[in-house]
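Remarks on the overall topology
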Amino acid sequence: MKFTIVLGTRPEIIKLSPIIRVLDKTNIDWSIIHTNQHYSENMDKIFFEQLNLPKPKYNLGIGSGTHGEQTGKMLIKVERVLLKEKPNVVIVQGDTNTVLSGALAASKLNIKIAHVEAGLRSFDRNMPEEINRVLTDHISDYLFAPTELAKNNLLKEGIEEDKIFVVGNTIVDATLQNLKIAEKNENVLKFFNSFKNNDYFLLTLHRSENVDNKKRLINIIKGILDLTKIYDESIIFPIHPRTKKRLVEFNLLNKLKNNRKINIIEPIGYLEFLMLEKNAKLILTDSGGVQEEACILKTPCITLRNNTERPETLSVGANILVGDDKEKLINAVNLMLNKNRNWINPFGDGKSGEKIVKILINKIN
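A brief structural summary.

Definitions and cut-offs
Residues numbered from 1 in each chain as written. Predicted model: local features only at pLDDT ≥ 70, side-chain atom pairs only at ≥ 80, totals over all residues. Heavy atoms only, no water. Helix = DSSP H or I, 4+ residues; strand = E, 2+ residues; numbered from the N terminus. Expected span 1.5 Å × (residues − 1). Buried < 20%, exposed > 50% of the residue type's maximum accessible area, 1.4 Å probe, protein only. Polar contact = N/O pair within 3.5 Å; in protein donor to acceptor, adjacent residues only side chain to side chain. Axes fitted to C-alpha atoms, helices over the stretch in contact; angles between N-to-C directions. Parallel < 35°, antiparallel > 145°, perpendicular 65-115°, else oblique. Left-handed = near helix turned anticlockwise from the far one by under 90°. Contact = heavy atoms within 4.5 Å. Pairing = 2+ DSSP bridges. Right-handed = clockwise from strand over helix to strand, strands pointing away.

Focus: helix α7 (residues 170-182)
Over its 13 residues, α7 extends 18 Å from the first C-alpha to the last, a length consistent with the 18 Å expected when each residue adds 1.5 Å. Along α7, the residues that are buried comprise Thr170, Ile171, Val172, Asp173, Ala174, Thr175, Asn178, Leu179, Ile181 and Ala182. Two or three places before isoleucine 171, at the opening of α7, asparagine 169 has a side-chain oxygen 3.0 Å from that residue's backbone nitrogen.

Put into structure tokens, the structure is as follows:
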């Protein structure tokens, strides 16, 4: 029995870390292919070390590019490794170009595909991630849906029920496991100590539909600036390089820098970010993973998008969608700050990694 995990971005590493930890305790022959879709040699090395994860067996060095260029290069290189490794199953997670490329390469070689976090839908085909999700689900053999809602999405698309397994989301396992690591890491605690005595909102902004759209980005920034006039809390903003580039291009960056309540910081490590999430009064984001983590950590969340593939966060009252509407944002902040943090985590019991590995072992044997 042989498993191969294909990953390429830090969110994938995070969400696959519980599965990697389970596999590392078994006698199964398994390996990691890292496409390096998002890659900095130093950052990735530190990332695997911080999370106490074994290093990838293969680093493909793909890097950035257009969607087609990136996906094509990955498909070629992943196929070569799979021909060499000859695994029984390829495990992918989420909705990136790496996920689609890994699944396609396995499919062409008649290798079984396991899709972790299957069935998520934003129902917005303008999002490249939505295309990747749908295509990967329809060529996968084992679809690990995080919730019943995700399972129903798959059934409505005609996917056979015996391929679908509701196992919760590995983000619960990862968040709880990695938070323990963060709380014992001296460097992480040293970083966090500079913020812990202040009440703050945490802001993340990176999705192309927001930052590449001048009108939307201007509206979002206006809303953020208005919040600083209403609330005493500072806003911590780890700035994504792509977002920084657009803010400069649209003459918006100095408006943020000149506001004493907005603390723009360089991108930070995952463990540092987890600590900021856990202790924030409120999170403002356009990230899908952050919506989930906020829900798990009982931190109120406001999503700067018109839709979400995590509707469960809305259903339990942990999250509100506001798009780029300034008035909706201000009303939502008032509502969420006065909300009891007693919602039920809809994403499982933190044992999804164990369940997934157990199911795959039983199916392949």
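So, next bit.
So, the packing of helix α4 (residues 97-108) against helix α5 (residues 128-139)
It is the contact of α4 with α5, at a shortest axis distance of 9 Å, that shows an interaxial angle of 25 degrees. Our classification of the angle between α4 and α5 gives roughly parallel. As for how α4 packs across α5, the hand of that crossing is left-handed. Contact residues: α4 offers Asn97, Val99, Leu100, Ala103, Leu104 and Ser107, while α5 offers Asn132, Leu135, Thr136 and Ile139.

Regarding the side chain of lysine 15
Tracing the backbone shows lysine 15 in helix α1 (residues 10-23). A distance of 2.5 Å separates polar atoms of two side chains, one belonging to lysine 15 and the other to glutamate 292. If we ignore the near neighbours within four places in the chain, the residues touching lysine 15 are Gln93, Glu117, Asn169, Thr170, Ile171, Glu292 and Arg310.

Overview of the pairing of strand β4 (residues 89-93)
The buried fraction of β4 amounts to five of the five residues, a majority that puts the element mostly inside the structure. Neither face of β4 is open: one carries Val89, Ile91 and Gln93, the other Val90 and Val92, and all of them are buried. Relative to β4, strand β1 (residues 2-7) is paired through three bridges, and the arrangement is parallel. In the sheet register, phenylalanine 3 faces β4, and the bridge partner there is valine 89. Sheet analysis places β4 next to strand β5 (residues 112-116), joined by five bridges and oriented parallel. Directly across from isoleucine 91, in β5, lies its bridge partner alanine 114. On the question of chirality, the crossover connecting β4 to the parallel β5 by way of α4 is right-handed.

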